[in-house]
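Structural overview
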Amino acid sequence: MTHELWYKKPATEWTDALPVGNGRLGAMVHGGVGREELQLNESTLWSGGPYQPTNPEALPNLAEVRALILAGRFEDAHALTQAHLLAKPYLQMSYQPAGNLFLDFTQHEAIAGSYRRQLDLATGVATTRYGLLGSGFEPDAAQFTRQVFASAADDLIVLKVSCSLPGALAFEAWLDSPQEGELLVGDASGLSYRGRNFGKHGVPGQLSFGIDVHLRVEGGSVERRGRRLVVRDATSALFLIDMATSFTRFDDVSGDPEARLAARRSKLVALDFDTLLANHVAAHRAQFDRLDIDLGAGRSDLPTDERIANFATGDDPALAALYVQYGRYLMISSSRPGTQPTTLQGIWNKETRPPWGSKYTANINLQMNYWLPDPANLPDMMEPVIALVEDLAITGAEMARAHYGASGWVMHHNTDIWRATGPVDGAAWGVWPTGGAWLMAQLWDHTRFEGRPEELVRRLYGPLKGAVQFALDILVPLPGTDYLVTVPSISPENRHPFGSSLCAGPTMDNQILRDLFAAFAEAAEQLGVDAELSAAALAARQRLPEHRIGKEGQLQEWMDDWDMDVPEIHHRHVSHLYGLYPGDQIGLDTTPELAAAARRSLEIRGDEATGWGIGWRINLWARLREGERAHAVLQLLLSPSRSYANLFDAHPPFQIDGNFGGAAGILEMLVQSTEDAVWLLPALPANWPKGTLRGVRARGGVELDFGWDNGEVGWVRVLSARNRDITVHAGRTIRLSALANEVMQHEFSASQC
Ligand code: FUC
């Protein structure tokens, strides 16, 4: 099984370039023949500095906004919200590019047909190779190779340029940055930039940062000429690239980038390329090799851009498997323990004013970014999200007090590296108090995948409790009923027919809070604490408005049957279908009527959406066990209009959530689970009749390998961390008794119905 993205030509656009990353450092590798360009990122380089955007006008106006919404005066509520309820500033900080490293080569015309650029997902190495014409070389006499990787083992980016002909390598290297600062003019051993970040929306820039590029040349010479390093007559050149900022925590920018760079540099002097490569590949494979997927043969003979254009023909199931592995690669590269969570663009951003700030949008996008790690056997990659909610429980507590007079903590629909949690962007988008609750419900699901280990439950308990306390404080009785509702809120980001998005008790909030309260009760019970609060949460849960089916047979998005009268009936968000996926309150077996209504809603909404909207729909169709439909939607994703040449998801320009959501969707077509049962091939399309999946994780702390032929599961292997019984649905249903840490294999062909 090949794990390569490959191309016959260099990148001309940023979205042709190949990403490498180690969670902290990222680079986009362009692979030009005359000019190599590495666009560089460091995950803590954001605009602004510590800030707390509470607005003192919010709380005094909250009761009035509530009253206006409950009276159906939505436009008045909207105007008052816009004027007084938003955070100050009402926009957040953005993720920033650090710089660019350029190599200008003296000889630069590749022999036709000799050029190949590739990214090997299994090793995490981007390689460019070509032969050179001219300058006296015979064809093929000089083969040039560039290898780039971002090492998690040694925490740096490595670029090696080499030539098969001793002494034939000549280039000039230089560095720039879009951030304010200066290039240091030093000796010929490297290039350095020292700079400061930008302020934004009235929040001053408070970070300093540095980029260090060290160069070691084998054979030939290197000299400094002004801002450039000039290499002549060399055989190979090794660049070690490191970056650091003064960011320490959301409220602390007192770190010393100089000291950080120096500390890492001192460890690197002794390391040669082969050692660096071996360290990197071992660390990468330790994650990457944990899952293997084979959906059948494909067109790995074609360059990846041509495979994307060809996917609709149906002869390339292997591209769907590659898409899963690419999602896993992007996760390993952009989110590791101790680093920042993956942003809307992972850790790859070249713009100082990126779309949506390249930050964390928490009304679908941040959550979707983390749908993949659990099933895809990368549970460590959830760590940055756990660290995030630990921060948000602090910053969001101040926001909860200031804007709602509530205890606990809140995050609305966005956050940034400074862990701002206020309502931003505008009344139509920002005034949605359940972003933090969704994250906690998702992290509780993560504990299920992990088999609910006590240490993890203990760690999540504080943020979970805070999210519950906030929810209990802000729920208000709906006049004339026994219901408790969120108000003001919205159903992200859909406008209802009355000139606003603002409403009371949108379906998604009720679903999220049902999950949150249930999660808290389970956690409190497991730890044997907070019985009273747990009872209060369960009592409130009973009073959340139940699901409703509307006049078109659809699942209502709001308490009232407004769905057919909205201005955007094909809206990309499908918020009320949270209960079907990622939630499990709606299911074909458990709530068939609601499942039929959810299906109707999905049909009305339509499959045509931007990248992440497609990613969500694949998962939803998978939960409805509609393999063909899920596959048809996957074909929309794996097409030139939604996937760039480098397989980045196009939410024009680029947003990584579609990559993660799409990859998770493919796994959801193959395996679904509760803590007691797994379903194998619940939504298998006819296009993937034969295959294997090894190392996939299921809820209950279970790892599975299985194979199928003619669309039927032939065998399954189950590995559980503890003794347990598992029900396996795979055409027929069997019950397996697994012993802790012992592989249990079952052949379906031999089993009884
Ligand atoms: C949500 C979406 C947009 C975009 C943004 C980052 O607001 O509605 O489409 O993905 O997040």
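Each chain has its residues counted from 1, following the order in which its sequence is written. Per-residue local features are limited, in this predicted model, to residues with pLDDT of at least 70; the limit for side-chain atom pairs, both in listing and counting, is 80 or more; totals at the level of whole chains, interfaces and linings are taken over all residues. Values reported for side chains reflect all heavy atoms of the structure, with hydrogen atoms and water molecules removed beforehand.

The strands making up a sheet associate through hydrogen bonds between their backbones, and the pairing can be parallel or antiparallel. Ordered in space as E1-E6-E7-E8-E9-E16-E13-E12-E11, the 9 strands form an open sheet in which the pairing is antiparallel. What marks the edges here is a single partner per strand, and that holds for strand E1 (4-7) and strand E11 (180-184). Each strand axis lies, on average, 15 degrees off the axis of its neighbour in the sheet, ignoring direction. One ladder, built from 6 bridges, connects strand E9 (residues 156-163) with strand E16 (residues 236-245); its direction is antiparallel. Looking across to E16, one finds that Val161 is bridged to Ala237. Running at roughly 145 degrees to E16, helix H3 (residues 257-268) makes contact with E9, strand E12 (190-196), strand E13 (208-218) and E16 of the sheet. Contact definition: two residues touch when any of their heavy atoms are within 4.5 Å. Every axis in this analysis is a line fitted to C-alpha atoms, fitted for helices over the stretch in contact. Angles between the N-to-C directions lie between 0 and 180 degrees. Going along the chain from the N terminus, every DSSP run of H or I of four or more residues is numbered as a helix, and every run of E of two or more is numbered as a strand. Here helix H4 (residues 273-288) sits on the sheet in contact with strand E7 (125-131), strand E8 (143-151), E9 and E16, set at roughly 50 degrees to E8. Any two strands with at least two DSSP bridges between them are considered paired.

Let us look at the site of the ligand. By convention in this text, a residue qualifies as near a molecule or strand provided that one of its non-hydrogen atoms is within 4 Å of it. As a matter of local geometry, the ligand sits amid Leu344, Trp356, Thr361, Asn365, Glu493, Arg572, His573, Trp612, His651 and Gln655. Here an oxygen atom of the ligand sits 2.8 Å away from a polar atom, N or O, in the side chain of Arg572. Whenever a nitrogen or oxygen atom comes within 3.5 Å of another N or O atom, the pair is scored as a polar contact, on the condition that within protein one atom can donate a hydrogen and the other can accept it, and that pairs from neighbouring residues in sequence are kept only if both atoms are in side chains. Measuring from an oxygen atom of the ligand, one finds a side-chain N or O atom of Gln655 at 2.9 Å. For the ligand, the protein covers 97% of the area, taking 290 Å² as the surface of the free molecule. For this scheme, ten residues count as nonpolar: Ala, Val, Leu, Ile, Met, Phe, Trp, Tyr, Cys and Pro. Four count as charged, namely Asp, Glu, Lys and Arg, and the remainder, Gly too, count as polar. Split by residue class, the shell around the ligand holds 3 nonpolar, 5 polar and 2 charged. Shrake-Rupley sampling with a 1.4 Å probe provides the accessible areas, and residues are treated as covered by the protein chains on show and by no other component.

All right, on to the domain arrangement of the chain then. By convention here, the domain bounds are inherited from an automatic or database domain assignment. Entries for the chain in the domain assignment read domain 1 (4-46 + 95-289) and domain 2 (58-88 + 381-574). Using C-alpha coordinates to define each centre, domain 1 is positioned 43 Å away from domain 2. Taken together, the 9 residues of domain 1 in the interface contact 8 residues of domain 2. Put simply, buried area is how much 1.4 Å-probe accessible surface two parts lose in total, over both of them, once they are put together. Summed over both sides, the interface of domain 1 with domain 2 buries roughly 760 Å², with 82% coming from carbon and sulfur. Area buried by domain 1 at its contact with domain 2 is led by Trp46, Phe247 and Phe250, which between them contribute 72% of it. The salt bridge definition used is simple: a Lys or Arg side-chain nitrogen within 4 Å of an Asp or Glu carboxyl oxygen. Taken together, the connections running from domain 1 to domain 2 amount to 0 salt bridges. Taken together, the residues of the side of domain 1 that touches domain 2 sort by class into 5 nonpolar, 3 polar and 1 charged.

On to the sheet that holds strand E14 (residues 221-225). The strand order across the open sheet formed by 7 strands is E2-E3-E4-E5-E10-E15-E14, and the pairing between neighbours is antiparallel. Looking at the sheet topology across the chains shown, the edges are occupied by strand E2 (18-21) and E14. Between one strand and the next, the sheet's axes are offset by a mean angle of 20 degrees, whatever the strand orientation. Where E2 meets strand E3 (residues 25-29), 4 bridges bridge the pair, whose relative direction is antiparallel. Within E3, the residue paired with Leu18 across the bridge is Val29.

What follows deals with the pairing of strand E10 (residues 169-176). Most of E10 sits out of view: 7 of its 8 residues are buried. Pairing analysis gives 6 bridges linking strand E5 (residues 99-105) to E10, with the strands arranged antiparallel. Bridged to Leu101 within E10 is Leu175. Working definition: with a 1.4 Å probe on protein chains only, accessible area under 20% of the residue-type maximum means buried, over 50% means exposed, and in between means partly exposed.

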